[in-house]
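Chain by chain, the residues:
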Amino acid sequence: MPKDPLVAVLAVAVLSLLFAPATAEIRDLKIIADERPMILFEKFGFTHTGHVTISVSSVSVTSSLARADPSRLGFFLLSEENLVQVLLEFQQNPNLCVLDSSYIFLLFTFQNLSPPPNTSYSNSYPVTAPNEYSLFFANCAPKSQVNMEVRTEIYNIDAGGVRDYLSAGRTQLPTIYFLFSLAYFAFFCLWIYVCVTNKLSVHRIHLLMAVLLLMKALNLICAAEDKHYVKVTGTPHGWDVLFYLFQSIRVLLLFMVIVLIGTGWSFLKPFLQEREKKVLMIVIPLQVLANVASIVIGETGPFIRDWITWNQLFLLVDIVCCCAIIFPIVWSIRSLRETSKTDGKAARNLAKLTLFRQFYIVVIGYLYFTRIVVFALRTIAAYKYQWVSNAAEEVASLAFYIVMFYMFKPAEKNEYLALDDEEEEAAEMALKSEEFEL
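Summarised in this report is the structure supplied together with it. Predicted model only: the values in this text are computed from it and were never measured.

### Description of the overall build of the protein
Stage number 1. On a plain count of helices and strands, the protein comes out with 11 helices and 9 strands.
Stage number 2. Here the protein holds 438 residues, and 51% of them are scored as buried.
Stage number 3. Considering only intrachain contacts with a sequence separation of at least 6, the fraction spanning at least 24 residues in the protein is 82%.
Stage number 4. Total accessible area on the protein is roughly 20,600 Å²; 62% of this is exposed by carbon and sulfur atoms.

As structure tokens, then:
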């Protein structure tokens, strides 16, 4: 192979572990002048009725050395369990071509191609050993580049004899997303009722929160339709466009709502301070960039050259945004502590400080669960139970929305706007303590 094969396999192995595709859609791909020793196409959980259909056409191989041996280029399946065995083989024989490994499920090599000029091949392969496999292309020909058009169809056949293009661990996703969309639509109707019945206490932030709920509900219903059509036909039929549209708006609104609540905008003050505006100016463009990265990751796959870069960019931007939205909450807590020393309204400030401190803890808990715990679940769960991580993420998100909306609901006696002056002495003592230091 043109490069250290162990390094190449390690790279695609790590990529395979990090890559968690929601679907195995029918894909039509074009590979142009690609010299990579291994290319990961898909990762899919098979039942005992799994099938892989691969069609390649317009195949050409160019090499700066002698004519490339067609038996040194081909497609194969590899399970994560056998990946370790392949790595051990490479340690023992660094010059080994992965196509010669006894631990792979070889599909075909370029020896099977039809003769020029119409160099092509198409075949369907049954997968009778249930497991999660990754579909790879290997190029063991030294200093060679490959051009080809590839069409992949990966699916299981359910009990009714119908093809299911969703991985064995994700076939439940359409139902999960649909049920959660109903929950958010009900939540949206309840929120509108609360706002109408307390219209004297409604602020602009409450209207923005209503839009957030609507976008979340629409995002989930589009996700359900997207996964449903992929499940039964292999293609999303345009629902992926609506899904990414509402997801982009929803994520942007979520971060804006958290930042604006953290600043006390429209509750405590009708305007934003300069530093708070800067946070929004940072978060909004970064979220736009994160949404672009998310679309590239979701609509392409690890077969593109810069797929790892897009993943790293998405993770970096997401971390920066998660850190940025915490600052306004901390600033508000410090501002309330300073104000409480001079305005003589200890009870009201104590109630606000308590609420902000609780909101701070809720936001930290939400970010920790959805970024770390969900990732851990996705990594350690068996391939048949990959849907659990998606369900856990939606449960955590719904719980976060409920708590946040309850804490800052429009109500005359909302703690955010409380004007209670009783127990001033006890409140002053509490404010002097270190209880609200973060």
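### Overview of the environment of Ala-168
Stage number 1. Mapped onto the elements, Ala-168 comes out in the loop between β9 (163–164) and α3 (173–197).
Stage number 2. Accessibility expressed as a relative area gives 14% for Ala-168, which makes it buried.
Stage number 3. It is 8.2 Å that separates the C-alpha atoms of Ala-168 and Tyr-385, two residues lying 217 residues apart in sequence.
Stage number 4. Ala-168 has contacts with Gly-45, Phe-46, Thr-47, Asn-156, Tyr-383 and Lys-384, leaving out every residue within four places of it along the chain.

### Notes on the packing of α3 against helix α10 (residues 387–407)
Stage number 1. In contact at an axis separation of 10 Å, α3 and α10 are set at 5° when each is read in the N-to-C sense. Taken together, the axis directions place α3 and α10 in an arrangement best described as roughly parallel. Across from Leu-173, Ile-176, Tyr-177, Phe-180, Ala-183, Tyr-184, Phe-187 and Trp-191 in α3, the residues of α10 making contact are Trp-387, Asn-390, Ala-391, Glu-394, Val-395, Ser-397, Leu-398, Tyr-401, Ile-402 and Phe-405.
Stage number 2. Among the residues forming the contact of α3 with α10, the class breakdown is 15 nonpolar, 2 polar and 1 charged.

### As for the state of the cysteines
Stage number 1. Taken as a whole, this structure holds 1 disulfide when the rule is applied.
Stage number 2. At a sulfur-sulfur separation of 2.0 Å, the disulfide partner of Cys-97 is Cys-140. Handedness here is read from the sign of the S-S torsion; for Cys-97 and Cys-140, about 80°, the answer is right-handed. Pair noted here: Cys-97 is in the loop between α2 (80–92) and β5 (105–109) and Cys-140 is in the loop between β7 (131–139) and β8 (144–157), with a separation of 43 residues, a long-range link.
Stage number 3. Residue class for Cys-140 comes out buried when judged on its relative accessible area of 6%.
Stage number 4. Here Cys-322 stays free of any disulfide, with the sulfur of Cys-323 as its closest cysteine sulfur at 6.9 Å.

### Description of the pattern of salt bridges
Pairing is possible between side chains of opposite charge, provided their charged atoms come close.
Stage number 1. One pass over the full model with this rule turns up 13 salt bridges.
Stage number 2. Where Glu-153 meets Arg-151, a salt bridge forms, and the shortest distance between an N and an O atom there is 3.3 Å.
Stage number 3. For Glu-153, a relative accessible area of 14% gives the class buried.
Stage number 4. Overall, the relative accessible area of 31% leaves Arg-151 in the partly exposed class.
Stage number 5. A cluster of three or more residues bridged by salt bridges with shared partners is formed by Asp-28, Arg-151, Glu-153 and Arg-163.

### Some remarks on the packing of aromatic side chains
Stage number 1. Taken as a whole and assessed by the stated rule, the structure comprises 18 aromatic pairs.
Stage number 2. Judged by centre distance (5.6 Å) and plane angle (45°), the rings of Phe-41 and Phe-75 are tilted. Within this pair, whereas Phe-41 is found in strand β2 (residues 38–46), its partner Phe-75 is found in strand β4 (residues 73–79), the two being separated by 34 residues in sequence. With respect to class, Phe-41 is no different from Phe-75; both count as buried.
Stage number 3. Taking the centre distance of 5.7 Å and the plane angle of 35° together, the rings of Phe-110 and Phe-137 count as tilted. Here Phe-137 lies in strand β7 and Phe-110 lies in the loop between β5 and β6 (121–127), a separation of 27 residues in the sequence.
Stage number 4. Among the residues examined, Phe-110 registers a relative accessible area of 6% and is labelled buried.
Stage number 5. You can call Phe-137 buried: its relative accessible area is 1%.

### What to know about the nonpolar core
Stage number 1. One finds Ile-325, Phe-359, Val-363, Tyr-401, Met-404 and Phe-405 to be the most contacted residues of the largest nonpolar core, which totals 65 residues.
Stage number 2. Broken down by secondary-structure element, the contributors of at least two residues to this core are α3, α4 (204–233), α5 (239–263), α6 (274–299), α7 (307–324), α8 (326–340), α9 (346–380) and α10.
Stage number 3. Ranked by residues supplied to this core, first place goes to α4 with 13 residues.
Stage number 4. When sequence neighbours within four positions are dropped, the list of residues in contact with Phe-359 reads Ile-258, Ile-261, Gly-262, Ile-329, Met-404, Met-407 and Phe-408.
Stage number 5. Counting residues in hydrophobic clusters, the runner-up holds 30 residues, among them Leu-29, Leu-107, Phe-137 and Met-148.

### Observations concerning the packing of α4 against α10
Stage number 1. One way to put it is that α4 packs onto α10 with a least axis distance of 12 Å and a crossing angle of 165°. Taken together, the axes of α4 and α10 lie roughly antiparallel to each other. Relative to α10, α4 is oriented so that their crossing is left-handed. Between α4 and α10, the contacting residues are Met-209, Leu-212, Leu-213, Lys-216 and Leu-220 on the first element and Glu-394, Ser-397, Tyr-401, Met-404 and Phe-405 on the second.
Stage number 2. Looking at the contact of α4 with α10 residue by residue, the class counts come to 7 nonpolar, 1 polar and 2 charged.

Conventions used here
- Residues numbered from 1 in each chain as written.
- Predicted model: local features only at pLDDT ≥ 70, side-chain atom pairs only at ≥ 80, totals over all residues.
- Heavy atoms only, no water.
- Helix = DSSP H or I, 4+ residues; strand = E, 2+ residues; numbered from the N terminus.
- Buried < 20%, exposed > 50% of the residue type's maximum accessible area, 1.4 Å probe, protein only.
- Contact = heavy atoms within 4.5 Å.
- Areas by Shrake-Rupley, 256 points an atom, 1.4 Å probe, with all protein chains shown as cover.
- Axes fitted to C-alpha atoms, helices over the stretch in contact; angles between N-to-C directions.
- Parallel < 35°, antiparallel > 145°, perpendicular 65-115°, else oblique.
- Nonpolar A, V, L, I, M, F, W, Y, C, P; charged D, E, K, R; others polar.
- Disulfide = S-S within 2.5 Å.
- Salt bridge = Lys/Arg side-chain N within 4 Å of Asp/Glu carboxyl O.
- Phe/Tyr/Trp six-rings, centres within 6.5 Å; stacked < 30°, edge-to-face > 60°.
- Core = buried A, V, L, I, M, F, W, Y, C linked by side-chain atoms within 4.5 Å.
- Left-handed = near helix turned anticlockwise from the far one by under 90°.

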